[in-house]
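Residues per chain are reported as follows:
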Amino acid sequence: QVQLVESGGDLVQPGGSLRLSCVASGFTFSRYAMNWYRQAPGKERELVAGITTGGSTNYADSVKGRFAISRDNAKNTVYLQMNSLKPEDTAVYYCNANWIGVVSRTYWGQGTQVTVSS
C-alpha cells in the first residue's frame, strides 16, 4: 500500500516553469527524507534535490538557483518548483523517500515526464 504518486510533468518551452508534486501514502511521511531524481534518455539517474525531515535542502549544481524543493508534512506531499527550465532538464523525474536506520527503507514513485523544448 506504499505509494508515491507524482504529477505536474508537462511539455514546456525553455525559460518556462513547472511545479512537480508527489503525494505519499502508506508510511510515516514526516520521518523520511524526500528527494527528486531524474533520468534523461541514455543517461544514469541523478539526484536533483533533497530535503531532510528538518527542512534542510540540497541541490545538484546544475539546478541551483533555478529549482526549489519543499515539503508539506500535513499533506504528505513534496514539491519541486522548477524555474528557468532548459532543454537539458528534459527527463523523467522520480520522487524518492528514504529512511536510514539499522535497516533502511526507500520508496520510489512512478516518474513524471518533463520535456523542455521550443
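Computed from a predicted structure; not experimentally measured.

A.B. asks: Honestly, the overall build of the chain in this entry has me stumped. Any pointers?
C.D. replies: Helices and strands together make up the secondary structure of the chain, namely zero helices and 11 strands. Helices and strands appear in the chain in the N-to-C order β-β-β-β-β-β-β-β-β-β-β. The C-alpha atoms of the chain give 14 Å as radius of gyration, which agrees with the globular expectation for 118 residues (13 Å, within 12%). C-alpha extents for the chain along the principal axes are approximately 45 × 25 × 25 Å. Within the chain, the proportion of its 118 residues that are buried is 38%. Restricting the contact set of the chain to residue pairs at least 6 apart, pairs at least 24 apart contribute 54%. Of the roughly 6300 Å² of accessible surface on the chain, a fraction of 47% belongs to carbon and sulfur atoms. Across the chain, the centroid of the 11 positively charged side chains sits 7 Å from that of the 8 negatively charged ones.

A.B. asks: What should I look at first to understand the state of the cysteines in this one?
C.D. replies: A covalent bond between the sulfur atoms of two cysteines is referred to as a disulfide. For the structure on display, the rule yields one disulfide. A sulfur-sulfur distance of 2.2 Å marks the disulfide that ties cysteine 22 to cysteine 95. Of note, the bridge from cysteine 22 to cysteine 95 carries an S-S torsion of about -85° and is left-handed in sense. Linking cysteine 22 in strand β3 (residues 18-25) with cysteine 95 in strand β9 (residues 91-99), this pair joins segments that are 73 residues apart in sequence. An identical accessibility class is assigned to cysteine 22 and cysteine 95; each is buried.

A.B. asks: Even after reading the chapter, I still don't get the side chain of arginine 66, so can you show me in this structure?
C.D. replies: Assignment of secondary structure puts arginine 66 in the loop between β6 (57-59) and β7 (67-72). Within the local environment of arginine 66, its side chain forms a polar contact with the backbone oxygen of serine 62, the two atoms lying 2.9 Å apart. Setting aside residues up to four positions removed in sequence, arginine 66 forms contacts with Gln81, Met82, Asn83, Ser84, Leu85, Lys86 and Asp89.

A.B. asks: I tried to follow the nonpolar core on my own but got confused; where do I start?
C.D. replies: Generally speaking, soluble globular proteins have nonpolar side chains that are buried together. Grouped together as the largest cluster of nonpolar side chains are 29 residues, with contacts concentrated most on Met34, Trp36, Val78, Leu80 and Tyr93. Of all the secondary structure elements, the ones that give two or more residues to this core are β3, β4 (33-39), β5 (46-51), β7, β8 (77-82), β9 and β11 (112-116). Contact partners of valine 78, with chain neighbours within four places excluded, come to Leu20, Ser21, Cys22, Phe29, Met34, Trp36, Ile51, Ile69, Ser70, Arg71 and Cys95.

A.B. asks: Can you help me understand the pairing of strand β10 (residues 105-108) in this one?
C.D. replies: Two faces make up the sheet, and in a regular strand the side chains alternate between them. In the sheet, β9 pairs with β10 via four bridges, with the strands oriented antiparallel. Bridge assignment links asparagine 98 to a residue of β10, and that residue is threonine 106. Connecting the antiparallel pair β9 and β10 is a turn made up of five residues.

A.B. asks: Help me understand the pairing of β3, please; the structure alone is not making it clear to me.
C.D. replies: With five bridges connecting them, strand β1 (residues 3-7) and β3 associate as antiparallel partners. Paired with serine 7 across the two strands is serine 21, which belongs to β3. Judged from the six bridges that link them, β3 and β8 form a sheet pairing that is antiparallel. For valine 23, the partnering residue across the bridge sits in β8 and is threonine 77.

Rules used throughout
- Residues numbered from 1 in each chain as written.
- Predicted model: local features only at pLDDT ≥ 70, side-chain atom pairs only at ≥ 80, totals over all residues.
- Heavy atoms only, no water.
- Helix = DSSP H or I, 4+ residues; strand = E, 2+ residues; numbered from the N terminus.
- Rg over C-alpha atoms; globule rule 2.2 N^0.38 Å.
- Buried < 20%, exposed > 50% of the residue type's maximum accessible area, 1.4 Å probe, protein only.
- Contact = heavy atoms within 4.5 Å.
- Areas by Shrake-Rupley, 256 points an atom, 1.4 Å probe, with all protein chains shown as cover.
- Lys, Arg positive; Asp, Glu negative; His and termini not counted.
- Charge placed at Lys NZ, Arg CZ, Asp CG, Glu CD.
- Disulfide = S-S within 2.5 Å.
- Polar contact = N/O pair within 3.5 Å; in protein donor to acceptor, adjacent residues only side chain to side chain.
- Core = buried A, V, L, I, M, F, W, Y, C linked by side-chain atoms within 4.5 Å.
- Pairing = 2+ DSSP bridges.

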